[in-house]
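So the chains spell out like this:
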Amino acid sequence: MRVLITGGAGFIGSHLAEAYLDKGDEVYIIDNLSTGSLDNIAHLKEKGSYQKRLFVQVDSILNRDAMLELIGTCEVVHHLAAAVGVEYILDKPMESITTNIQGTEVVLELCNKFKKRVLLASTSEVYGKHTHAPLVETDNIIYGPSSKFRWSYAASKLMDEFMALAYYRTTGLQVTIARLFNTVGPRQTGAYGMVIPRLVRQALKNEPLTVYGDGQQTRTFTDVKDVVWAFMRLAENESSCGQVYNIGGLEEVSILELAQRIISLCNSGSEIQLIPYDKAFGKDFEDMQRRVPGIEKIESLIGFSPKIDLHAILARVIDYMRKHNK
Ligand code: UDP
């Protein structure tokens with residue numbers, strides 16, 4: 001099978017590419033390297049048996065001609081190319097909206113034209129600022145005002161979901177939407193705000209761990225291996241078309257507790273430094289206080305249940321960062 005992964009040189013995309021190559025498929029990647037990197041797929045290009053089955057194009061998904069050819073060639077499309085990371089969004093607000101909305105428009109329009117199967121990576125961010133748990137796919141969505149730019153990411157991904165569902169309803173496009181809850185694993189960079197690689201790097205260097213706010217905000221982390229497994233099963237499953245699925249872990253943890261666990265697992269002498277949100281992001285920032293997925297829907301469809309718990313996730317990331325001197 002020929003699989004196209006937009007954003008395939010990114011953290012999640014590169015793991016997905018590897019899993020399809022392991023299975024014997026041909027993998028086509030398009031990535032503009034905005035947050036992705038060719039380093040993420042260098043090990044795949046070096047592997048003899050993969051070389052002939054891996055095709056990498058450094059380009060933007062906004063390049064319709066390039067996308068026309070790629071989507072025309074492939075049977076399945078995993079659309080992961082997006083502006084991600086809170087810091088990236090705040091830093092490049094216009095570019096983020098354009099990539100997320102116009103880019104997805106191109107992908108969906110061409111998948112519809114060629115009648116190709118497509119999986120759209122969305123985010124738990126679309127739920128907005130709920131404090132209840134768990135969040136289920138039918139929950140209402142609550143955002144802050146447009147002056148708080150964080151919500152532009154949620155709104156742009158929500159618009160992607162609307163476009164996908166509109167195609168499904170009007171033309172029968174075979175599209176499935178996956179909402180990811182804080183995916184973590186080897187190769188993720190802390191450069192755009194992602195908390196685990198960032199705190200692990202600080203702990204390994206015996207620097208203070210930067211915990212924003214009072215650290216009582218919670219998240220539920222998911223290992224990239226579990227996410228890849230779910231993406232591949234969803235793409236194979238026709239009854240997932242026109243549906244939205246949460247993909248997430250099981251253990252809710254506060255960021256303060258996370259920092260303490262990282263210090264202990266790294267045997268680090270670091271201290272924890274609480275940094276007010278306005279110092280970290282400016283006065284117009286608003287965080288999500290709680291984010292826990294309900295996963296019954298995906299569990300009953302494909303038997304998804306995360307195999308890698310938070311302890312193992314942290315151990316994997318620490319091991320990777322130690323080995324690669326990150
Ligand atoms: N965070 C933190 N210190 C950091 C980076 C992030 O305390 O150096 C917090 C952030 O404010 C949020 C949580 O960790 O409450 C998760 O942040 P991340 O950017 O990883 O993902 P988000 O869930 O915000 O998309």
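Going along each chain's sequence as written, the residues are numbered from 1 onward. Reporting of local features is limited, given that this is a predicted model, to residues whose pLDDT is at least 70; pairs of side-chain atoms are given and counted only at 80 or more, and all residues count toward the totals for whole chains, interfaces and linings. Each side-chain value is derived from all of the structure's non-hydrogen atoms; neither hydrogens nor water enter the calculation.

Engineer: How do you make sense of the overall build of the protein chain when you look at a structure like this?
Structural biologist: Counting from the N terminus, the helices are DSSP H or I runs at least four residues long and the strands are E runs at least two residues long. If you tally the helices and strands in the protein chain, you get 13 helices and 13 strands. Two things to know: the radius of gyration comes from C-alpha atoms, and the globule rule equals 2.2 Å times the number of residues to the power 0.38. At 19 Å, the protein chain has a C-alpha radius of gyration in line with the 20 Å of a compact globule built from 326 residues. In terms of overall dimensions, the protein chain has C-alpha extents of about 55 × 45 × 40 Å along its principal axes. Relative accessibility thresholds used throughout: buried, under 20% of the residue-type maximum; exposed, over 50%; partly exposed, between the two (1.4 Å probe, protein chains only). Taken over 326 residues, the protein chain has a buried fraction of 55%. Excluding contacts between residues fewer than 6 apart, the proportion of contacts in the protein chain whose partners are at least 24 apart in sequence is 81%. Carbon together with sulfur atoms contributes 50% to the accessible area of the protein chain, which is approximately 13,800 Å² in total. For the charge count, each Lys or Arg is scored as positive and each Asp or Glu as negative, with His and the chain ends excluded. Working definition for charges: the position is that of NZ of Lys, CZ of Arg, CG of Asp or CD of Glu. For the protein chain, the distance from the average position of its 36 positive side-chain charges to the average position of its 39 negative side-chain charges is 2 Å. A contact between two residues is defined here by any heavy atoms of the two lying within 4.5 Å. Surface accessibility follows the Shrake-Rupley procedure with a 1.4 Å probe radius. Residue values consider only the protein chains on display as shielding.

Engineer: Quick question: what am I supposed to make of the site of the ligand here?
Structural biologist: For this description, a residue counts as near a given molecule or strand if any of its non-hydrogen atoms is within 4 Å of it. Taken together, 17 residues sit near the ligand, with Thr 210, Tyr 212, Arg 219, Asp 287 and Arg 291 positioned nearest. The protein chains hide 93% of the 520 Å² of surface that the ligand would expose on its own. When contributions to the shell around the ligand are tallied by element, the ones reaching two or more residues are helix H8 (195-204) and strand E8 (209-212). Of the residues forming the shell around the ligand, the biggest block, three residues, is contributed by E8. Residue polarity follows a fixed list, in which Ala, Val, Leu, Ile, Met, Phe, Trp, Tyr, Cys and Pro are nonpolar, Asp, Glu, Lys and Arg are charged, and the others, Gly among them, are polar. For the shell around the ligand, a count of residues per class yields seven nonpolar, four polar and six charged.

Engineer: Whenever I open this one, the nonpolar core confuses me. Can you help?
Structural biologist: The nonpolar side chains of a soluble globular protein tend to be buried with one another. Ranked by internal contacts, the top residues of the largest apolar core, which has 36 residues, are Phe 231, Ile 247 and Ile 298. For this core, the leading source of residues is helix H9 (residues 224-236), giving eight residues. Ignoring anything within four residues of it in the chain, the contact list for Ile 247 reads Ala 178, Arg 179, Leu 180, Phe 181, Thr 222, Val 227, Ala 230, Phe 231, Leu 234, Ile 298 and Phe 304. As used in this record, nonpolar core signifies buried Ala, Val, Leu, Ile, Met, Phe, Trp, Tyr and Cys residues forming a set joined through side-chain atoms within 4.5 Å.

Engineer: Looking at this structure, I do not really get the sheet that holds strand E5 (residues 117-123). What am I missing?
Structural biologist: Across a sheet, paired strands are connected by hydrogen bonds in the backbone, their directions being either parallel or antiparallel. Should DSSP find at least two bridges between two strands, the strands are regarded as paired. The strand order across the open sheet formed by seven strands is E3-E2-E1-E4-E5-E6-E11, and the pairing between neighbours is parallel. Each having just a single partner strand, strand E3 (54-58) and strand E11 (244-247) make up the two edges of the open sheet. When strand polarity is set aside, the average angle formed by the axes of neighbouring strands in this sheet is 20 degrees. With four bridges connecting them, strand E4 (residues 76-79) and E5 associate as parallel partners. By the bridge assignment for E5, Val 76 is matched with Arg 117. To obtain each axis, a line is fitted to C-alpha atoms, and for helices this fit is confined to the stretch in contact; angles are then taken between N-to-C directions over 0 to 180 degrees. Sitting on the sheet, helix H7 (residues 150-171) touches E5, strand E6 (175-180) and E11, and the angle it makes with E5 is about 155 degrees.

Engineer: Looking at this structure, how should I read the pattern of salt bridges?
Structural biologist: Pairing is possible between side chains that carry opposite charge, provided their charged atoms lie close to one another. What makes a salt bridge here is a side-chain nitrogen of Lys or Arg within 4 Å of a carboxyl oxygen of Asp or Glu, nothing more. Overall, the coordinates contain 17 salt bridges when judged by the stated rule. The salt bridge partner of Asp 223 is Arg 316, with a shortest N-O separation of 2.9 Å. Placement of the pair is Asp 223 in strand E10 (residues 222-223) and Arg 316 in helix H13 (residues 310-323), with a sequence separation of 93 residues. Members of the salt-bridge network, linked through shared partners, are Glu 125, Arg 150, Arg 219, Asp 287 and Arg 291.

Engineer: In this structure, what is going on with the packing of helix H4 (residues 64-73) against helix H6 (residues 93-114)? I would like to understand it.
Structural biologist: Geometry of a packed helix pair, given as the angle between the helix axes and the separation of the axes. Remark: H4 packs on H6, axes separated minimally by 10 Å, with the N-to-C direction vectors making an angle of 40 degrees. In terms of orientation, H4 and H6 fall into the oblique class. As H4 packs across H6, the resulting crossing turns out to be right-handed. Residue-level contacts link Arg 64, Met 67, Leu 68, Ile 71 and Gly 72 of H4 to Val 106, Val 107, Glu 109, Leu 110, Cys 111, Lys 113 and Phe 114 of H6. The scheme is simple: roughly parallel for angles under 35 degrees, roughly antiparallel for over 145, roughly perpendicular for 65 to 115, oblique for anything else. Here is the rule for handedness: rotate from the far helix to the near one, and if that takes an anticlockwise turn smaller than a right angle the crossing is left-handed, while a clockwise turn gives right-handed.

Engineer: Just checking my understanding: could you explain the packing of aromatic side chains for this structure?
Structural biologist: Each aromatic ring pair is described using two quantities: the centre-to-centre distance and the angle formed by the ring planes. Aromatic pairs are defined between Phe, Tyr and Trp rings, using the six-membered ring for Trp, whenever the two ring centres lie within 6.5 Å; interplanar angles under 30 degrees are classed as stacked, those over 60 as edge-to-face, and all others as tilted. For the structure on display, the rule yields eight aromatic pairs. Relative to Phe 181, the ring of Tyr 127 lies with its centre 6.1 Å away and its plane at 45 degrees, an arrangement referred to as tilted. Of this pair, Tyr 127 sits in the loop between E5 and H7 while Phe 181 sits in the loop between E6 and strand E7 (183-184), placing them 54 residues apart in sequence. The pair Tyr 127 / Phe 181 is uniform in exposure class, with both members buried. Considering the side-chain rings of Tyr 277 and Phe 285, the 5.6 Å spacing of their centres and the 40 degrees angle between planes classify their relative orientation as tilted. Owing to a relative accessible area of 11%, Phe 285 belongs among the buried residues under this scheme. Here the aromatic cluster, defined as three or more aromatic residues joined through ring pairs, consists of Tyr 212, Tyr 277, Phe 281 and Phe 285. Its guanidinium or amino end placed over the ring of Tyr 245, Lys 297 lies 4.9 Å from that ring's centre, counting from NZ or CZ. Over the ring of Trp 229 we find Lys 307, and its NZ or CZ is 5.8 Å from the ring centre. Charges are assigned to positions over rings by a cutoff of 6 Å between ring centre and Lys NZ or Arg CZ, combined with an angular limit of 35 degrees from the ring normal.

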